[in-house]
Amino acid sequence: MTTVTPTASTTPTAKRVDAEPRVPRRSSTRRRSTPLTIAMLAVLAYFLLPLFWLLIASTKSTQDLFNSFGLWFSHAPQLLSNVKATFTQDDGVFGRWLLNTVLYAGASALGAALLAAAAGFGFAKYRFRGHGAAFNLVLGAIMIPTTALAIPTYLLFAKAGLVNTPWAVILPSLISPFGLYLMRIYAEDAVPDSLIEAARMDGAGEFRIFCTIGLRLLAPGLVTVILFTLVATWNNYFLPLIMLNDPNLYPITVGLSSWAAQAQNGGAGASSDMLALVVTGSLISIIPLVLAFLLLQRYWQSGLATGGVKQ
């Protein structure tokens, strides 16, 4: 007589010992952290509150700036009249300051981006004697504040006879150690070595490879350097202050500072609403930067995302 051993097929209720335990499914809804939300709202208010105050203050006269609540409009808003007075004060010198700032920041941003792209491409794709030491020197230059170099730069430009000219502001702004470092990191992954070798086999020279292949692939990184240099040059105050003596060559930062000094000291050309003109001019000065970020935002974000992911 034979005995039959029960199996899974003969006993439906039998349980498998080696069966893996079931893992509970995670809920698709994300948890919200109340402290984190409050912290983010506080950070948002920290950045937006000064801009909101500037917008409100530009609609007031000098008297209303001191007599009304700072975060709300006065009884008689006068934004358009303030804007008109800002552009007509001192024979329309504010418009000249605005054009000077666009010239200085635009030329510096484009030039710094091209130089940083060329140097970053060279550090990323070529090896030469002193490669590591030269790049470490660039990293060390990032740590040096620009204000520490202002006086030596002034002495050099005074010897060259370039003081009180637009070149005194543009040329120092063309050097961007941080932009070079950023373009070197970006070029390592954005430009494949196989593509460069294929171009060399087709007879292309190194300069042609950089202009036709490198610049196209480095375009998102170029936008990032352009934005950083544009903001830095647009807001630069100390360098134009020591380099320029002619008020017609002032950028907005130095020009508005001279108006603020006139408003405080009651100097020649000062009016009763000079402080309101300074506030309105400050609001006008940030509009081109906001437009630049809005227009170049998608190129900037794609450049950072591409540079952060290794192919």
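Residues numbered from 1 in each chain as written. Predicted model: local features only at pLDDT ≥ 70, side-chain atom pairs only at ≥ 80, totals over all residues. Heavy atoms only, no water.

Engineer: Explain the overall build of the chain to me, and be specific about the residues and the numbers.
Structural biologist: A tally of helices and strands in the chain yields 14 helices and 0 strands. When its helices and strands are written in sequence order, the chain yields α-α-α-α-α-α-α-α-α-α-α-α-α-α. In the chain, which comprises 311 residues, the proportion classed as buried is 31%. Within the chain, residue pairs in contact and separated by at least 24 positions form 74% of the contacts whose partners lie at least 6 positions apart. For the chain, the exposed surface amounts to about 20100 Å²; the carbon and sulfur share of it is 65%. (Helix = DSSP H or I, 4+ residues; strand = E, 2+ residues; numbered from the N terminus. Buried < 20%, exposed > 50% of the residue type's maximum accessible area, 1.4 Å probe, protein only. Contact = heavy atoms within 4.5 Å. Areas by Shrake-Rupley, 256 points an atom, 1.4 Å probe, with all protein chains shown as cover.)

Engineer: Tell me about the pattern of salt bridges, residues and numbers included.
Structural biologist: Under the counting rule described, the total for this entry stands at 4 salt bridges. The salt bridge partner of Arg-184 is Glu-188, with a shortest N-O separation of 3.1 Å. Of the two residues, Arg-184 and Glu-188 both sit in helix H8 (residues 177-190), 4 residues apart, roughly one turn of that helix. As a salt-bridge pair, Glu-206 and Arg-200 come within 3.1 Å of each other at their nearest N and O atoms. Look at Arg-200 and you get partly exposed, because its relative accessible area is 30%. Here the residues in one salt-bridge network are Glu-197, Arg-200 and Glu-206, joined through shared partners. (Salt bridge = Lys/Arg side-chain N within 4 Å of Asp/Glu carboxyl O.)

Engineer: An account of the nonpolar core is needed here, citing residue identities and associated values.
Structural biologist: Counting 30 residues, the largest nonpolar core has Trp-97, Leu-244 and Trp-259 as its most contacted members. Contributions of two or more residues to this core are made by helix H4 (93-125), helix H7 (167-173), helix H11 (219-234), helix H12 (238-243), helix H13 (252-265) and helix H14 (274-308). Among residues more than four places away in sequence, those in contact with Trp-97 are Pro-247, Tyr-250, Pro-251, Ile-252, Gly-255, Leu-256, Ser-258 and Trp-259. Met-183, Ile-209, Leu-218 and Val-225 belong to the second largest nonpolar core, which has 19 residues in total. (Core = buried A, V, L, I, M, F, W, Y, C linked by side-chain atoms within 4.5 Å.)

Engineer: Please give an account of the side chain of His-131 that cites residues and values.
Structural biologist: Within the secondary structure, His-131 sits in helix H5 (residues 131-142). Residue His-131 is classed as buried on the basis of its relative accessible area, which comes to 11%. Other than its neighbours up to four places away in sequence, His-131 contacts Phe-123, Tyr-126 and Arg-184.

Engineer: Explain unusual backbone geometry to me, and be specific about the residues and the numbers.
Structural biologist: In this model, Asp-91 sits at a positive phi of 60 degrees, which is unusual for a non-glycine residue. Note on placement: Asp-91 falls in the loop between helix H3 (79-88) and H4. Backbone geometry places Asn-164, a non-glycine residue, at a positive phi of 65 degrees. The exposure class assigned to Asn-164 is partly exposed, which follows from its relative accessible area of 27%.

Engineer: Lay out the environment of Gly-70 with the relevant residues and their values.
Structural biologist: Locating Gly-70 in the fold gives a position in the loop between helix H2 (62-67) and H3. Residues Gly-70 and Ile-56 lie 14 residues apart in sequence; the distance between their C-alpha atoms is 7.5 Å.

Engineer: Which residues make up the packing of aromatic side chains, and what values do they have?
Structural biologist: Tallying each qualifying case throughout the model produces 11 aromatic pairs. Here Phe-121 and Phe-210 contribute two aromatic rings whose centre-to-centre distance is 5.4 Å and whose plane-to-plane angle is 55 degrees, an arrangement assigned as tilted. One end of the pair, Phe-121, is in helix H4; the other, Phe-210, is in helix H10 (residues 206-217), and 89 residues separate them in sequence. The pair formed by Phe-121 and Phe-210 is uniform in burial state, with each residue classed as buried. (Phe/Tyr/Trp six-rings, centres within 6.5 Å; stacked < 30°, edge-to-face > 60°.)

Engineer: Before we move on, could you go through the packing of H4 against H13 and cite the residues and values that matter?
Structural biologist: In the contact formed by H4 and H13, the axes pass within 8 Å of each other and the chain directions differ by 150 degrees. Here H4 is positioned roughly antiparallel relative to H13, judged by the angle of their axes. Residue-level inspection shows Val-93, Phe-94, Trp-97, Leu-98 and Thr-101 of H4 in contact with H13, the latter providing Ile-252, Gly-255, Leu-256, Ser-258 and Trp-259. Its residues assigned to classes, the contact of H4 with H13 shows 7 nonpolar, 3 polar and no charged. (Axes fitted to C-alpha atoms, helices over the stretch in contact; angles between N-to-C directions. Parallel < 35°, antiparallel > 145°, perpendicular 65-115°, else oblique. Nonpolar A, V, L, I, M, F, W, Y, C, P; charged D, E, K, R; others polar.)

Engineer: A description of the confidence of the model for the chain should follow, citing residues and the corresponding values.
Structural biologist: In the predicted model, the chain carries a mean pLDDT of 85, and 84% of its residues have values of at least 70. Contacts from residues 1-18, a stretch scored under 50 in pLDDT, to residues over four places away or in other chains number 2 contacts. Counted against residues more than four places away or in other chains, residues 307-311, with its pLDDT under 50, gives 5 contacts. (pLDDT = per-residue confidence, 0-100.)

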